Amino acid sequence: MAPLLEVKDMTHYFGGLRAVNNFNLTIEPGQINGLIGPNGAGKTTVFNLITGVYTPTEGSISLEGQNIKGLEIHEIASMGLGRTFQNLLLWRHMNVLDHIRMAHYSQLDYGLFGAFFGTRKSRREEKAVIENSYKLLEIFDISQFADHIVGNLPYGAQRRVEMARAMATNPKILFLDEPTAGMTPDELIRMIEIIRQVHRDFGVAIFLIEHRMKFVMELCESIQTLVFGEVIAEGPPEEIQNNPKVIEAYLGKEDVH
Amino acid sequence: MDKIKNFFRMFSNIPLAGWLMGSFVAVLMEYYLGDAISYYLYLPKIPVLFGALFILKEPIMIPSVLAYDLIIYALPILLLGKLLAPFANALARMLEKIPLSLATLIYIVAIYGILHLWAGINDYRVLVVKLTMVSIILTISLNIINGYQGEFSCSHPGFMALGAYTSSTLTLLLFTDDKMFGDALLPAALGPWLFPFVLIAGGAVAAIGSLAVAIPSFRTRGDYLAIISLAFMFIVKSAVENMEILGGPRGMSSQPAYATLPVVFAWMALCVWIIHNFTTSIMGKALNAVRDNEAAANSMTVNTRKTKVTAFMFGAFWAGVAGGLFAHVLRYVNPGTFGIQKLAEILAMVYFGGLNSIYGSIVGAVSISVLGEALRPLELWKWIIIPLILILVMIFRPHGLISFTELNVKNIIRPRDKKLSKGVE
């Protein structure tokens, strides 16, 4: 059987600049993989390439054996690739419940006619969506904010809204772009719990970018280290932690006197 | 201040049903006693728009006009509303038990009855009410694009012109013996029955025309799209001006009088209902998602292109229908109508009433239309006062009077007495 997500020899150029070189990735169902690397290494570019924001210059990407390279972002998303963003992209005039409802978009079947005339089918589907949304709000512990505008929420809660929203698209694999950026240590621990819970309850595979080593070490089964668009090390957390190349990339070379 | 607050609190236990009962009596009183009362108050005739025209023409009439408004409107509505409150609340509770759609229909019919009686006093009122309702359709449909979808489209008069000319051509061609298109192709008796299809055809043409603005909107936003849409408006206007077959700059006249008060009201109610359904559904919320953050919307499986095209075509469709109604209300159209002034008027209604809100659009359309009519005697000064009000609203409420509020029918029609007892505790 084909792996859940398979990226082969992905290379991408921005004009003359080679942002990503020969990137390979295989994720099996239920796996948690991490991508680390110093600032500007091209981590977010890798995310954007796989999720369809950019189309890679070379290479192939497939989800459950189906090619997704060159498809539209929303098509890839509705095939089962959910994501969150590094700098929280929430809809600032919408309340929390509507965020979660909105993410069910591709699962609706009633079409524009149903939306215009409020047909029985549309009411039934909308009701099911609302029920499912409340379930997600419970799981992510944000049900008390259901009718609040997202902008008024504490930062940690906003992050959880974004996670819940991504889960509402019913993904098979979840891409998390720096899920703990800007969080306090307390919120960080909470986030680890939530990601574990999502992984356990939904059985979803996770691919995450992270800066905080502690977080990555705690969660990931396999880690890739990206430096200047190239993977310099790959393996389980302990191995990566002690890999001299990784230490060099992060801390610089130790001068021997 | 407290006294004023307390005065208003006195009326907080009146449900919509109570207000409607009071208004019904007020309207009946005007219908039967209006002439006599205005005679004793030395008014030349029944004041048309609450006496605003009299006041502005001859300030000496202010006391009589105020007395008239007090006797005919304020007293019956407030007093009866208050007196009948227990009864009206009981009625509201009864109506709450039946399905919401049926209850809403009953209220709409009641509102129409009152409006019909009120407007029935003279033809001028009928015209004002019809044009106001056309403005409501226009405002809500522009709110879809400028409010919900967050673009700045200036092409609404263009869509309106497409609808107005399409439907006028069809009615003149099919149902009337006309100088321009010759004899009627279908029996005139069919006209009123086929009029809805004529309007829908007008809307459809406008919707197809809107693709000229919708497709560029995939790539541009903000100022650039505003300019493209403005260009579209001028293109439509100039094109019609240069088409002799459509009457050129002289326009088209003597459309059959199909747009009666009930017809216009029914279309307005239909428009409000459909747009309300749409904007509260997830399909409609997608417009907000695209407005607030397109990248996020895309990643959350929303087909943003389809959403944008839908918003434009849907808004344009209703603008086309409104244009068709407009042409058949005035029974005359010329291309000059669909210019920059019309655009300013519709934009003012949308931004005055409130973005992203049907409720706000209704308030905006009614207040600007009625204000525009009431201040007519001021002539030039009217165009100083209305913009001034608009500037004040923009300073104190940048998103408009009632923005980001959903039309909550259940809340509007609920009985009001329970809430008061809670307040007293």
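Residues numbered from 1 in each chain as written. Chains lettered and ligands numbered in written order. Predicted model: local features only at pLDDT ≥ 70, side-chain atom pairs only at ≥ 80, totals over all residues. Heavy atoms only, no water.

Draft legend 1. Region of the structure containing the overall build of chain B. Summing up its helical and strand segments, chain B has 20 helices and two strands in all. Projected onto the principal axes, the alpha-carbon positions of chain B cover approximately 60 × 55 × 45 Å. Pairs at least 24 apart in sequence give 78% of the contacts found in chain B among residues at least 6 apart. In the form shown here, chain B has an accessible surface area of approximately 19500 Å², with 71% of it arising from carbon and sulfur atoms. Averaging the positions of the 31 positive and the 22 negative side-chain charges in chain B gives two centres separated by 9 Å. (Helix = DSSP H or I, 4+ residues; strand = E, 2+ residues; numbered from the N terminus. Contact = heavy atoms within 4.5 Å. Areas by Shrake-Rupley, 256 points an atom, 1.4 Å probe, with all protein chains shown as cover. Lys, Arg positive; Asp, Glu negative; His and termini not counted. Charge placed at Lys NZ, Arg CZ, Asp CG, Glu CD.)

Draft legend 2. Just the overall build of chain A, in detail. A count of helices and strands for chain A gives ten helices and ten strands. Along the longest, intermediate and shortest principal axes, the C-alpha atoms of chain A span 75 × 40 × 35 Å. Counting over 257 residues, chain A shows a buried share of 53%. Nonlocal contacts in chain A, meaning residues at least 24 apart in sequence, comprise 67% of its contacts between residues at least 6 apart. Positive and negative side-chain charges of chain A, numbering 24 and 32 respectively, have mean locations separated by a distance of 7 Å. (Buried < 20%, exposed > 50% of the residue type's maximum accessible area, 1.4 Å probe, protein only.)

Draft legend 3. Spotlight on helix α17 (residues 358-374) of chain B. Between its first and last C-alpha, α17 of chain B extends 24 Å over 17 residues, near the 24 Å set by a 1.5 Å rise per residue. Turning to α17 of chain B, the residues buried within the fold contact α3 (52-57), α7 (123-148), α12 (261-280), α16 (340-353) and α18 (382-396) of chain B. (Expected span 1.5 Å × (residues − 1).)

Draft legend 4. Broad picture of the sheet that holds strand β6 (residues 81-83) of chain A. Residue and element names in this part refer to chain A. The strand order β6-β7-β8-β3-β9-β10 describes an open sheet built from six strands, whose pairing is mixed. Lying at the two open borders of the sheet, with one neighbouring strand each, are β6 and β10 (230-235). Adjacent strand axes in the sheet meet at a mean angle of 20 degrees, parallel and antiparallel pairs treated alike. When strand β9 (residues 222-227) meets β10, the two strands line up antiparallel, connected through five bridges. The residue of β10 that forms the bridge with Gln-224 is Glu-234. Sitting on the sheet, helix α6 (residues 155-168) touches β6 and β7 (173-177), and the angle it makes with β7 is about 155 degrees. Packed on one face of the sheet, helix α10 (residues 244-251) meets β3 (32-36), β9 and β10 and runs near 130 degrees to β10. (Pairing = 2+ DSSP bridges. Axes fitted to C-alpha atoms, helices over the stretch in contact; angles between N-to-C directions.)

Draft legend 5. Seen up close, the sheet that holds strand β1 (residues 5-14) of chain A. All names here are of chain A. Strand order in the open sheet formed by four strands is β2-β1-β4-β5, with antiparallel pairing between adjacent strands. Pairing within the sheet leaves two strands with one partner each, and these edge strands are β2 (17-27) and β5 (66-67). Relative to strand β4 (residues 58-63), β1 is paired through five bridges, and the arrangement is antiparallel. Opposite Val-7, over in β4, you have Ile-61 as the bridge partner. Helix α1 (residues 43-51) rests against β1, β2 and β4 of the sheet, and its axis sits at about 115 degrees to β1.

Draft legend 6. Seen up close, the confidence of the model for chain A. Put simply, chain A has an average pLDDT of 89, and 98% of its residues get 70 or more. Mean pLDDT across the elements of chain A ranges from a minimum in α10 of chain A, with 81, to a maximum in helix α3 (residues 96-102) of chain A, with 94. (pLDDT = per-residue confidence, 0-100.)

Draft legend 7. How the structure looks around the side chain of Glu-151 of chain B. Residue and element names in this part refer to chain B. Secondary-structure assignment places Glu-151 in the loop between α7 and α8 (156-175). A polar contact of 3.1 Å, which involves the side chain of Glu-151, links it to the side chain of Gln-149. What Glu-151 contacts, discounting residues up to four positions off in sequence, is Ile-145, Asn-146, Ser-217, Thr-220, Arg-221, Gly-222, Leu-225, Lys-308 and Phe-312. (Polar contact = N/O pair within 3.5 Å; in protein donor to acceptor, adjacent residues only side chain to side chain.)

Draft legend 8. Structural context of the interface of chain A and chain B. Contacts between the two partners involve 31 residues from chain A and, on the opposite side, 30 residues from chain B. Together chain A and chain B conceal approximately 2900 Å² of surface at their shared face, both sides included; 70% is due to carbon and sulfur atoms. When the buried area of chain A at its contact with chain B is split by residue, Trp-91, Tyr-105 and Phe-116 of chain A rank highest and sum to 25% of it. Where chain A packs against chain B, one counts one salt bridge. Between Asp-98 of chain A and Lys-285 of chain B there is a salt bridge whose closest N-O contact spans 3.2 Å. In this structure, the connection of chain A to chain B is made through twelve residue pairs in polar contact (both at pLDDT 80 or more). Mapped by element, the contributors of at least two residues to the side of chain A that touches chain B are α2 (73-78), α3, α4 (111-117), α5 (120-139) and α6 of chain A. (Buried area = accessible area lost by both parts, 1.4 Å probe. Salt bridge = Lys/Arg side-chain N within 4 Å of Asp/Glu carboxyl O.)

Draft legend 9. Structural view of a nonpolar patch on the surface. Nonpolar side chains collect at one region of the surface, where Met-1, Ile-4, Phe-7, Phe-8 and Met-10 of chain B lie side by side and expose about 580 Å² of accessible area between them. Judged by its relative accessible area of 41%, Phe-7 of chain B falls in the partly exposed class. (Patch = residues over 30% accessible without salt bridge, like charges linked within 9 Å, V, L, I, M, F, W, Y side chains within 5 Å.)

Draft legend 10. Molecular detail of the domain arrangement of chain B. All names here are of chain B. With domains assigned, chain B is organised as domain 1 (2-98) and domain 2 (123-410). Tallying the contact residues gives ten residues for domain 1 and eight residues for domain 2. Buried surface at the junction of domain 1 and domain 2, both sides included, amounts to about 780 Å², of which 75% is carbon and sulfur. Sorting the residues of domain 1 by area buried against domain 2 places Val-48, Leu-49 and Leu-56 first, and these three jointly supply 61% of that buried surface. On inspection of domain 1 and its partner domain 2, the count reaches one salt bridge. Across the pair Glu-30 and Arg-125 runs a salt bridge whose closest N-O atoms are separated by 3.0 Å. The tally of links from domain 1 across to domain 2 stands at four residue pairs in polar contact (both at pLDDT 80 or more). A total of four residues in the side of domain 1 that touches domain 2 trace back to one element, the largest contributor, which is α3. For the side of domain 1 that touches domain 2, a count of residues per class yields eight nonpolar, no polar and two charged. (Domains from an automatic or database assignment. Nonpolar A, V, L, I, M, F, W, Y, C, P; charged D, E, K, R; others polar.)

Draft legend 11. Geometry of the environment of Ala-157 of chain A. Residues and elements named next belong to chain A. Structurally, the position occupied by Ala-157 is in helix α6. The spacing of Ala-157 and Ile-232 is 75 residues in sequence and 35 Å in space, taken between C-alpha atoms. For Ala-157, the residues in contact, after removing those within four places along its chain, are Ile-142 and Phe-145.

Draft legend 12. Structural view of the environment of Arg-376 of chain B. Residue and element names in this part refer to chain B. Relative to the helices and strands, Arg-376 is located in the loop between α17 and α18. Sequence separation of Arg-376 and Val-128 is 248 residues, and the distance between their C-alpha atoms is 12 Å. In this structure, Arg-376 is in contact with Tyr-124 and Lys-382, ignoring residues within four places of it in sequence. Engagement of the side chain of Arg-376 in a polar contact is seen with the side chain of Glu-373, the distance being 2.9 Å.

Draft legend 13. Just the confidence of the model for chain B, in detail. Scored by pLDDT, chain B comes out at a mean of 89, with 98% of its residues at no less than 70. Low pLDDT, under 50, characterises residues 420-425 of chain B; the predicted model gives this stretch three contacts beyond four residues in sequence or across chains.

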